[in-house]
Amino acid sequence: MSLIDIFLSTLNVTLPVFAMVFIGIGLKRLRWIDQAFVNTASKLVFRGTLPAMLFFGLADADLEATLDPWMLGFFALATLASFVAAWGWALLRVRRPLRGVYVQGAFRGNCGIVGLALAAGMYGDAGLSLGGLLLGVVILSYNVLSVIVLASYQPQEDGASHGVDWSSILHHIVTNPLILAVIAATPFAVFEVPLPGWLTTTGDYFASLTLPLALICIGATLSTRALKKGYRTTLSASLAKMVVVPAVATLLAVAAGFTGPALGVMFLFFASPTAAAAFVMAKAMGNDETLTANIIALTTLMASLTVTLGVFVLRAAGLI
């Protein structure tokens with residue numbers, strides 16, 4: 001296969017995902033959808049359709065072929081390393097009030113939507129299975145690490161810092177619909193319990209709403225106007241998230257011996273733009289939500305180029 005053929009096949013994977021994001025931008029500007037639609041659709045995706053997609057994708061998965069503890073462990077270590085590196089850089093180059101937001105924006109990717117969409121586009125059901133397994137690591141590590149760094153830089157009132165309700169945080173983690181979907185699907189996959197045909201078909205119909213709805217909502221929430229404020233810190237965090245982290249983590253994964261779908265899905269997760277959930281958490285914990293929105297917007301816009309280029313390079317090298 002020539003380099004041109006590889007590039008065109010790469011575009012077939014990445015362009016549909018990012019085209020849906022830009023469609024969301026267009027629909028919002030045309031006022032065909034509004035913020036109320038985005039809020040409702042986002043709740044439907046998070047609480048219903050995305051858990052359904054994970055459940056049915058994992059329930060039918062061949063765990064003997066897809067479960068790789070070394071891959072899960074490597075991804076967790078790489079996530080922790082990127083978090084520590086981003087925090088170290090922030091200590092040297094970022095103003096204290098912005099450090100928590102900077103670190104979260106630089107390491108926390110939108111794996112649940114963009115990463116899964118790309119994995120499904122590249123590897124089909126196998127990509128969903130691998131991505132679903134990785135999501136368990138993603139949800140736990142991203143939420144815990146984000147809380148730690150945001151709590152460390154919460155604004156102080158009268159010399160006292162806000163208290164962090166760790167029991168509430170733990171409650172949100174263990175009741176997360178995505179984690180529950182992975183847990184619920186695991187026995188079906190482990191014991192190879194078949195699901196009724198009608199249930200699988202209904203679940204597939206419902207789950208098929210996930211990616212188009214989620215990607216349109218991402219586009220509808222982007223604000224290019226916000227990028228004009230604090231662009232230096234925004235650009236620094238965005239370059240870290242979209243260039244430095246995926247490049248270094250993927251090279252380390254290659255050095256560790258990963259190839260094929262495992263390497264491909266891990267790259268797509270590492271290269272995903274900053275998660276929209278970062279905005280919610282930053283705002284809830286009193287950090288700079290405007291900077292967070294800027295980082296989300298810029299990384300999402302950058303992803304159409306950086307992810308496409310990364311997949312092309314890995315395919316041209318014969319690694320995925």
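The following paragraphs examine the structure supplied in this document. If you're wondering where the values come from, they're calculated on a predicted model, not measured in any experiment. (Residues numbered from 1 in each chain as written. Predicted model: local features only at pLDDT ≥ 70, side-chain atom pairs only at ≥ 80, totals over all residues. Heavy atoms only, no water.)

Observations regarding the overall build of the chain
For the chain, the count of helices and strands is 15 helices and 2 strands. A globule of 320 residues ought to have a C-alpha radius of gyration of about 20 Å, and the chain, at 19 Å, matches this closely. Across its three principal directions, the C-alpha atoms of the chain cover 60 × 45 × 45 Å. A burial count over the chain gives 51% of its 320 residues as buried. Partitioning the intrachain contacts of the chain with sequence separation of at least 6 by distance along the chain shows that 86% fall at a separation of at least 24. Carbon together with sulfur atoms contributes 68% to the accessible area of the chain, which is approximately 15200 Å² in total. Between the averaged position of the 17 positive side-chain charges in the chain and that of its 14 negative side-chain charges there is a distance of 20 Å. (Helix = DSSP H or I, 4+ residues; strand = E, 2+ residues; numbered from the N terminus. Rg over C-alpha atoms; globule rule 2.2 N^0.38 Å. Buried < 20%, exposed > 50% of the residue type's maximum accessible area, 1.4 Å probe, protein only. Contact = heavy atoms within 4.5 Å. Areas by Shrake-Rupley, 256 points an atom, 1.4 Å probe, with all protein chains shown as cover. Lys, Arg positive; Asp, Glu negative; His and termini not counted. Charge placed at Lys NZ, Arg CZ, Asp CG, Glu CD.)

Looking at the packing of helix H1 (residues 3–29) against helix H11 (residues 210–221)
Two numbers describe how H1 lies on H11: the axes approach to 6 Å, and their chain directions differ by 55°. For the element pair H1 / H11, the angle class is oblique. The two elements H1 and H11 meet at a crossing, and its hand is right-handed. Of the residues in H11, those in contact with Val17, Met20, Val21, Gly24, Ile25, Leu27 and Lys28 of H1 are Pro212, Leu215, Ile216, Ile218, Gly219 and Ala220. Of the residues contributing to the contact of H1 with H11, the split by class is 10 nonpolar, 2 polar and 1 charged. (Axes fitted to C-alpha atoms, helices over the stretch in contact; angles between N-to-C directions. Parallel < 35°, antiparallel > 145°, perpendicular 65-115°, else oblique. Left-handed = near helix turned anticlockwise from the far one by under 90°. Nonpolar A, V, L, I, M, F, W, Y, C, P; charged D, E, K, R; others polar.)

Some words on the environment of Leu50
Assignment of secondary structure puts Leu50 in helix H2 (residues 35–59). Owing to a relative accessible area of 3%, Leu50 belongs among the buried residues under this scheme. For the pair formed by Leu50 and Ala106, sequence separation is 56 residues and the distance between their alpha carbons is 24 Å. Apart from the residues within four sequence positions on either side, Leu50 is in contact with Val45, Gly112, Ile113, Leu116, Leu178 and Thr210.

Quick notes on the packing of aromatic side chains
For any two aromatic rings, the description comes down to two numbers: the centre-to-centre distance and the angle of the planes. Taken as a whole and judged by the stated rule, the model has 12 aromatic pairs. With a centroid separation of 5.1 Å and an interplanar angle of 90°, the aromatic rings of Phe55 and Phe56 are classed as edge-to-face. You'll find Phe55 and Phe56 in the same group, each marked buried. On the numbers, 4.9 Å between centres and 20° between planes, the contact of Phe75 with Phe270 is stacked. One end of the pair, Phe75, is in helix H4 (residues 69–93); the other, Phe270, is in helix H13 (residues 260–270), and 195 residues separate them in sequence. Since its relative accessible area comes to 0%, Phe75 is described here as buried. (Phe/Tyr/Trp six-rings, centres within 6.5 Å; stacked < 30°, edge-to-face > 60°.)

Some words on helix H5 (residues 99–107)
The buried count for H5 comes to 9 of 9 residues, which makes it a mostly enclosed element. Three or more residues of H5 are buried, namely Arg99, Gly100, Val101, Tyr102, Val103, Gln104, Gly105, Ala106 and Phe107. Buried-residue contacts for H5 involve H4, helix H7 (125–152), helix H12 (231–255), helix H14 (277–284) and helix H15 (289–316).

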